[in-house]
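Residues per chain, in single letters:
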Amino acid sequence: MKKRMGQIGLIGLISFMGLIGQIGNAQVVNQPQFLVTWRSHNYAPSWYAGKILATRGSWVDVSFDLIDGGKIVDLSKNKVRWYVNDDLRRNEDDGLGIKNFYFGVDDLARENIIVQVVIVDYGDQQIGKIITIPLVSPEVVIDAPYSNGRLPSGIDMFKAYPYFFDIRDLSNLSFDWTVNGRPAESSSISADILRLNIDKLAPSEFGINIQAVIKNLADEFEFASGNAKLEVR
């Protein structure tokens, strides 16, 4: 009988703990939730489906919706404040219910950008959300579509893709190509394409190192390079 009572007590304790867990989960679910999105205005190829990341000097859009009770909250009468790295940038002096924020990244920034949005008068409480925006450097990727990096003799084409430059289109960039350390001219089709003629007499496994250096014409401090190492087939 005592054993059975002990089992009943254990079952009751487990049920009680489960109830406490459900209540705790319900409290989490019932908390207001920030749905935040952000995007940088930097350049990336049109087919690129990833996140366009921020760099020094670029511009970033951040926006949010507040979800409470499964519905989007009307914040048109609430005081919303925006901070960047603890520096207050916008508040109720600029209007109520500010859900969008547009800012420029400092040219001297070296670390990730911390953006904080705070609603100071949500009912009887203050709620907020911290957003970390990764800071990266521009990148260059050379497309060398040759199996195992082995080049056939004849004319081969290479294309340089810039990522995350603070530009609107490719006309704002310069492209400098080198092959094994020597300057090479880009294709007459486009500056981002290298047209390379591999001599038929080139020995097999002869190494070829292609480099593309890309610079922002409007900002001498914004540049990047990419390399592709290949061999003659």
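Just above, that's the structure.
Residues numbered from 1 in each chain as written. Predicted model: local features only at pLDDT ≥ 70, side-chain atom pairs only at ≥ 80, totals over all residues. Heavy atoms only, no water.

Participant: Would you take a moment to explain the side chain of asparagine 91 for this structure?
Facilitator: Secondary-structure assignment places asparagine 91 in the loop between β5 (87-90) and β6 (100-104). A polar atom in the side chain of asparagine 91 sits 2.9 Å from the backbone nitrogen of aspartate 93. Those residues in contact with asparagine 91, other than ones at most four positions away along the chain, are Val80, Arg81 and Ile98. (Helix = DSSP H or I, 4+ residues; strand = E, 2+ residues; numbered from the N terminus. Polar contact = N/O pair within 3.5 Å; in protein donor to acceptor, adjacent residues only side chain to side chain. Contact = heavy atoms within 4.5 Å.)

Participant: Would you mind going over the pattern of salt bridges with me for this structure?
Facilitator: A side chain of one charge can pair with a side chain of the opposite charge if their charged atoms are brought near each other. Evaluated as defined, the whole model comprises seven salt bridges. The shortest N-O distance in the salt bridge between aspartate 61 and arginine 39 comes to 3.8 Å. Taken together, the residues aspartate 61 in strand β2 (residues 59-68) and arginine 39 in strand β1 (residues 33-40) connect sequence positions 22 residues apart. What makes aspartate 61 partly exposed here is its relative accessible area of 23%. Classification of arginine 39 as partly exposed rests on a relative accessible area of 48%. Across the pair aspartate 87 and arginine 89 runs a salt bridge whose closest N-O atoms are separated by 3.1 Å. The class for aspartate 87 is partly exposed, based on a relative accessible area of 40%. (Salt bridge = Lys/Arg side-chain N within 4 Å of Asp/Glu carboxyl O. Buried < 20%, exposed > 50% of the residue type's maximum accessible area, 1.4 Å probe, protein only.)

Participant: Would you mind going over unusual backbone geometry with me for this structure?
Facilitator: Glycine aside, residues mostly have negative phi angles, and peptide bonds mostly take the trans form. In this structure, phenylalanine 164 is a non-glycine residue whose phi angle is positive, near 70°. A relative accessible area of 4% means that phenylalanine 164 is categorised as buried. Positive phi values are uncommon outside glycine, yet asparagine 180 reaches one of about 50°. Inspection of the secondary structure assignment puts asparagine 180 in the loop between β12 (173-179) and β13 (182-184).

Participant: Just checking my understanding: could you explain the sheet that holds strand β11 (residues 154-163) for this structure?
Facilitator: Strand order in the open sheet formed by three strands is β9-β11-β14, with antiparallel pairing between adjacent strands. One side of each edge strand has no neighbouring strand; the edge strands of this open sheet are β9 (139-143) and β14 (193-198). Here the strands of the sheet are splayed against their neighbours by 25° on average, with no regard to which way each runs. (Pairing = 2+ DSSP bridges. Axes fitted to C-alpha atoms, helices over the stretch in contact; angles between N-to-C directions.)

Participant: Is there a simple way to think about the packing of aromatic side chains in this case?
Facilitator: Each pair of aromatic rings is reported with the distance of its centres and the angle of its planes. Going through the model one piece at a time under the given rule, you end up with eleven aromatic pairs. Summarising the aromatic geometry, the rings of tryptophan 47 and tyrosine 161 are spaced 5.3 Å apart at their centres and angled 85° between planes, so their arrangement reads as edge-to-face. A residue pair is termed long-range when its members are at least 10 positions apart, and tryptophan 47 in the loop between β1 and β2 and tyrosine 161 in strand β11 qualify at 114 residues. Relative to tyrosine 163, the ring of tyrosine 48 has its centre 5.4 Å away and its plane inclined at 80°; by these criteria the two rings are edge-to-face. Taken together, the positions of tyrosine 48 in the loop between β1 and β2 and tyrosine 163 in strand β11 put the pair 115 residues apart, joining distant regions of the chain. (Phe/Tyr/Trp six-rings, centres within 6.5 Å; stacked < 30°, edge-to-face > 60°.)

Participant: Please clarify how a nonpolar patch on the surface should be interpreted in this entry.
Facilitator: A surface patch of nonpolar side chains, about 280 Å² in accessible area, is lined by Ile155, Met157 and Ile189. Relative to the helices and strands, isoleucine 189 is located in the loop between β13 and β14. (Patch = residues over 30% accessible without salt bridge, like charges linked within 9 Å, V, L, I, M, F, W, Y side chains within 5 Å. Areas by Shrake-Rupley, 256 points an atom, 1.4 Å probe, with all protein chains shown as cover.)

Participant: Help me understand the nonpolar core in this model?
Facilitator: One recurring pattern in soluble globular proteins: nonpolar side chains tend to sit buried together. By size, the foremost hydrophobic cluster in this structure holds 32 residues, and its most contacted members are Phe64, Leu66, Trp82, Phe103, Val115, Ile119 and Ile133. Put simply, the parts of the chain that give this core at least two residues each are β1, β2, β4 (80-84), β6, β7 (113-122), β8 (125-133) and β11. Sorting elements by how many residues they give to this core places β7 first, with five residues. Beyond its immediate chain neighbours, meaning those up to four positions away, isoleucine 133 contacts Trp38, Ala54, Val60, Val62, Phe103, Asn112, Ile113 and Val115. If you look at the next biggest cluster of nonpolar residues, it comprises 24 residues, including Phe158, Phe175, Val179 and Ile214. (Core = buried A, V, L, I, M, F, W, Y, C linked by side-chain atoms within 4.5 Å.)

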